[in-house]
Amino acid sequence: MATLTYRDALNQALREEMQRDPNVFLMGEEVGVYQGAYKVSRGLLEEFGPKRIVDTPIAELGFAGVGVGAAMAGLRPVIEFMTWNFAVLALDQIVNSAAKILYESGGQVPIPIVFRGPNGAALQLAAQHSQAWESWLAHIPGLKVVAPATPADAKGLLKSAIRDNNPVIVLEGEMLYNLKGEVPDGEHIVPIGRAEVKRPGSDVTLICHSKTVAVALKAAEQLAEHEGASAEVLDLRSLRPLDEAAILESVARTNRAVVVEEGWPHSGLGAQVVDVIQRDAFDQLDAPVLRVTQADVPMPYNKQLERLAKPSPDRVVAAARRVLYLD
Amino acid sequence: MATATARTASTSAHTELERRMLRQMLLIRRFEEKAAEAYALGKIGGFCHLYIGQEAVGVGSLAALREDDYVISSYREHGQALARGVPANAVMAELFGKATGCSKGKGGSMHLFDAGRRFLGGHGIVGGHIPLAAGIGFAIRYKGGDQVCICYFGEAAVNIGAFHEALNMASVYKLPVIFCCENNRYGMGTAFERVAAVTDVVEHACSYDMAAELVDGMDVLAVYAATERAADRARSGGHPTLLEVRTYRYMGHSMSDPLHGVYRTKEEVEEQRKRDPISQLALKLKEEGALDDAALDALDAEVRAQTDEAVRFAEASPDPEPAELTTHVLAD
């Protein structure tokens, strides 16, 4: 196994899939000459040329739509958004075009396209640049949504996304791009729709995805060290479809759960997870399921306020203590 | 002698083309009249935007294109679907929401699709499909083909960002797209000049260094010729064109909108009807001796029978099975 950064794992996935399939191309702001705003596409212009690594104007709605149109005519576009904050301008194309054309055409026109880019808060970027969009996107039938937390999952899920015949949203993380981890050698594919236990445990399940996996893992360490509690960390990896079986299997063993996410609490993704648990694991629960989310405010700029707004290991530990009735 | 024979053959081929276009325009007119009737009877639901008055645009432009070219449109697309050759039965059945409809009853009036004929919708958000057309053009260029994509939209879509983003990218990437703006003067009930700083749509092309042409949309032959020029431009170097085709819709914006409403006068509609594209072409063919009243009546009877049959077919067709509710959400 090689140790790679999350960024290089994504880069490998793009390179391998572009080598495998000449219909795959990458389009977005700064993906070519600049080598990617976050260097995910480093070296790809040199290898594949400007026909397949396409720099765009700052026109998210426009180039997202160009991607969907290209998919309608048989290509497999990968559309990079510099961040998902800017992709809000392209929501019409994602929601009204990409997600609906197969259905409204009675199955005639599939849209095999990937929309990818960093999601959620980084550091002190303030309100407009620090948002987690997964609950918006996972709400839409016709889309698949994945949110890898590790380099191995980033590579494996992006490859699956590119090969999928549907629109797939890949939520990356600016704070994850430098994260290092082992990536299996050779062809490495992670199927969409499967969660993974990142740390086994028996007393409480911490359900998380993307950046909150690291938060949950730290919380699990603290719980083990200070409370003697064994927390299982379940990384959803795929937010639509949701691996309901994995959630239920874990909760059946631990009887307690805390859902951790970067999004806002109201109508958040965690609420969907809680719905699955209360519906199908009601009898196994020993405590109400709690959620740890971003504070219900636009993200502040000030460093201390920002820290208070984000999900943290301490907040996860506090929630876990409550469901374990340790308070 | 050989030249004279060739000219005769070519004249006769052209007359044949004109007769075909006349038939298509008549078919669309009668089809839309039937759709209006069926809507009033509650057999067609939702929004239903008729093409009456605008027939020359879809018919003239599509007659100039090839079968392997791509077509994409807005929600006022019944006429273009018919002109593209989507069977009237399948279009009417779609309006009725039936399983035999061209989108299996799941799209309706605003989402007609026929992938085999490269008719790629039917899109309901004003201007939202214009970038899709650029994307189809991108795919054509990517694969090295010489097809074109024609994209229809109303003049009201010109005020939307998607129009500008798409035209810019089509020009920057040299995409083989014909942007066909059907300027029927009103975005729903709002006269274009009340909401547009630049009222000649064709002027927008200069912002994107794009070829453009202003076309009389009540003259099917003018539409045909302008589209042919645009298609040549696209095929020879992948250059896009903006066509502003001046036309007029006789009916309301949709079936829920009265004939002329409060935003235009009855007199204005009557005045525009004098430029009727079907009457104009019929008159030309009569003057050339290529058509007489009896032939026109016969043609009209033929398309009326065809649209009657489309209604009969749609009525007799089954609704989609309940299980169809959850199919086609995702592809395999």
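Residues numbered from 1 in each chain as written. Chains lettered and ligands numbered in written order. Predicted model: local features only at pLDDT ≥ 70, side-chain atom pairs only at ≥ 80, totals over all residues. Heavy atoms only, no water.

What about the packing of aromatic side chains?
Heads up, the condition is: Any pair of Phe, Tyr and Trp rings, taking the six-membered ring for Trp, is counted once the centres come within 6.5 Å. Such a pair is stacked with planes under 30 degrees apart, edge-to-face with planes over 60 apart, and tilted for the rest. We call a charge positioned over a ring when the NZ of a Lys or the CZ of an Arg lies within 6 Å of the ring centre and within 35 degrees of the ring normal.
Applying the stated rule across the entire model yields 12 aromatic pairs over all chains. Through a chain of ring-to-ring contacts, three or more aromatic side chains come together here, namely A:Phe25, B:Phe138, B:Tyr142 and B:Tyr173. A cation over a ring is seen here: A:Lys39 above A:Tyr34, with NZ or CZ 4.1 Å from the ring centre. Above the face of the B:Tyr142 ring, A:Lys51 is positioned so that its terminal group lies 4.5 Å from the ring centre.

Looking at the domain arrangement of chain A
All names here are of chain A. Definition in use: Residue ranges assigned to each domain were obtained from an automatic or database domain assignment. The contact rule is simple, with two residues in contact once any of their heavy atoms fall within 4.5 Å. When two parts are put together, the accessible area they lose, computed with a 1.4 Å probe and summed over both, is reported as buried area. Counted as salt bridges are all cases of a side-chain nitrogen of Lys or Arg within 4 Å of a carboxyl oxygen of Asp or Glu. Polar contacts, as counted here, are pairs of nitrogen or oxygen atoms within 3.5 Å of one another; within protein the pair requires one atom able to donate a hydrogen and one able to accept it, and residues that are adjacent in sequence qualify only if both atoms are side-chain atoms. By the criteria applied, helices consist of DSSP H or I runs no shorter than four residues and strands consist of E runs no shorter than two, each listed in order from the N terminus.
For chain A, the domain assignment lists domain 1 (2-183) and domain 2 (196-323). For domain 1 versus domain 2, the distance between C-alpha centres works out to 26 Å. Of the residues lining the interface, 32 residues belong to domain 1; the matching set on domain 2 comes to 27 residues. Across the interface of domain 1 and domain 2, roughly 2200 Å² is buried in total on both sides, 55% from carbon and sulfur atoms. Together, Gln 124, Glu 134 and Ala 147 form the three largest contributors to the area buried by domain 1 at its contact with domain 2, with a combined 25%. Counting across the interface, domain 1 meets domain 2 through 2 salt bridges. Across the domain 1-domain 2 interface, the total number found is 16 residue pairs in polar contact (both at pLDDT 80 or more). Of all the secondary structure elements, the ones that give two or more residues to the side of domain 1 that touches domain 2 are helix H7 (134-138), strand E6 (144-146) and helix H8 (151-163).

Quick word on the sheet that holds strand E2 (residues 113-114) of chain B
Residue and element names in this part refer to chain B. Defined as follows: Strands are labelled as partners when DSSP assigns at least two bridges between them.
Sheet architecture is open: 7 strands sit in the order E2-E3-E1-E4-E5-E9-E8, paired in mixed fashion. Either end of the sheet is taken by a strand with one partner, and the two such strands are E2 and strand E8 (211-216). As paired strands, strand E1 (residues 70-73) and strand E4 (residues 149-154) are joined by 3 bridges and run parallel to one another. Residue pairing across strands places Ile 72 opposite Cys 151, the latter belonging to E4.

Digging into the packing of helix H5 (residues 130-143) of chain B against helix H6 (residues 161-172) of chain B
Residue and element names in this part refer to chain B. To be explicit about the condition: Fitted lines through C-alpha atoms serve as axes, helices being fitted only where they are in contact, and the angles separating the N-to-C directions of these axes extend from 0 to 180 degrees. Throughout, the term roughly parallel applies to angles under 35 degrees, roughly antiparallel to angles over 145, roughly perpendicular to angles from 65 to 115, and oblique to all others. Helix crossings get a hand from a simple test, with the near helix turned counterclockwise from the far one by less than a right angle marking a left-handed crossing and a clockwise turn marking a right-handed one. Ten residues, namely Ala, Val, Leu, Ile, Met, Phe, Trp, Tyr, Cys and Pro, are considered nonpolar, four, namely Asp, Glu, Lys and Arg, are considered charged, and the remaining ones, Gly among them, are considered polar.
Direction vectors running N to C along H5 and H6 enclose 20°, while the axes themselves pass 8 Å from each other. What the angle tells us is that H5 and H6 run roughly parallel. Crossing angle aside, the handedness with which H5 passes H6 is left-handed. Of H6, the residues touching H5 (which contributes Ile 130, Pro 131 and Ala 134) are Ala 162, Phe 163, Ala 166 and Leu 167. Looking at the contact of H5 with H6 residue by residue, the class counts come to 7 nonpolar, no polar and no charged.

Brief notes about the sheet that holds strand E14 (residues 290-292) of chain A
All names here are of chain A. The 5 strands lie next to each other as E9-E11-E10-E13-E14, forming an open sheet whose pairing is mixed. With partners counted over all chains shown, the strands left at the sheet margins are strand E9 (196-199) and E14, one partner each. In this sheet, neighbouring strand axes are inclined to one another by 30° on average, regardless of whether the strands run parallel or antiparallel. In terms of strand pairing, strand E10 (residues 204-208) meets strand E13 (residues 257-260) through 3 bridges, oriented parallel. In the strand pairing of E13, Thr 205 is matched with Ala 257. The sheet strands contacting helix H11 (residues 269-280) are E10, E13 and E14, and the helix crosses E13 at an angle near 155°.

Side note on the pattern of salt bridges
Residue and element names in this part refer to chain A. Per the stated rule, a full pass over the model turns up 50 salt bridges over all chains. Ionic pairing is found between Arg 15 and Glu 47, a salt bridge with its closest N-O pair at 2.6 Å. Of the two residues, Arg 15 is situated in helix H1 (residues 6-20) and Glu 47 in helix H2 (residues 44-48); the sequence distance between them amounts to 32 residues. Here the salt bridges do not stand alone but share partners, grouping Glu 16, Glu 17, Arg 20, Lys 155, Lys 159, Arg 163 and Glu 187 into one network.

Examining the side chain of B:Glu18
Residues and elements named next belong to chain B. Basically, it comes down to this: Think of it in three bands: residues with accessible area under 20% of the maximum for their type are buried, residues over 50% are exposed, and the middle band is partly exposed, with areas taken using a 1.4 Å probe on protein chains only.
Looking at where Glu 18 falls in the secondary structure, it is placed in helix H1 (residues 2-40). Overall, the relative accessible area of 3% leaves Glu 18 in the buried class. Residue contacts for Glu 18: discarding those within four places in its chain leaves Leu 221, Leu 281, Lys 284, Leu 285 and Glu 288.

What about unusual backbone geometry?
Residues and elements named next belong to chain A. Each neighbour pair has its own omega, and for Arg 240 with Pro 241 the value is 0°, a cis peptide bond. Assignment of secondary structure puts Pro 241 in the loop between strand E12 (238-240) and helix H10 (244-254). One non-glycine residue, Glu 30, lies in the positive phi region at around 65°. Positive phi is not limited to glycine here, since Lys 39 has a value of about 65°. Structurally, Lys 39 can be placed in the loop between strand E2 (24-28) and H2.

Description of the interface of chain A and chain B
Each partner contributes to the interface: chain A provides 45 residues, whereas chain B provides 38 residues. Of the roughly 3200 Å² buried between chain A and chain B, counting both surfaces, carbon and sulfur atoms make up 66%. Counting the surface chain A buries against chain B, the share from its top three residues, A:Tyr103, A:Glu104 and A:Gln108, is 21%. Counting across the interface, chain A meets chain B through 0 salt bridges. At the junction of chain A with chain B, the criterion picks out 18 residue pairs in polar contact (both at pLDDT 80 or more). Elements represented by at least two residues in the side of chain A that touches chain B include exactly E2, strand E3 (53-55), helix H3 (60-72), helix H5 (91-98) and helix H6 (101-104) of chain A. Considering every element that reaches the side of chain A that touches chain B, the biggest residue donor is H3(A), with 10 residues. The residue inventory of the side of chain A that touches chain B, partitioned by class, reads 22 nonpolar, 16 polar and 7 charged.

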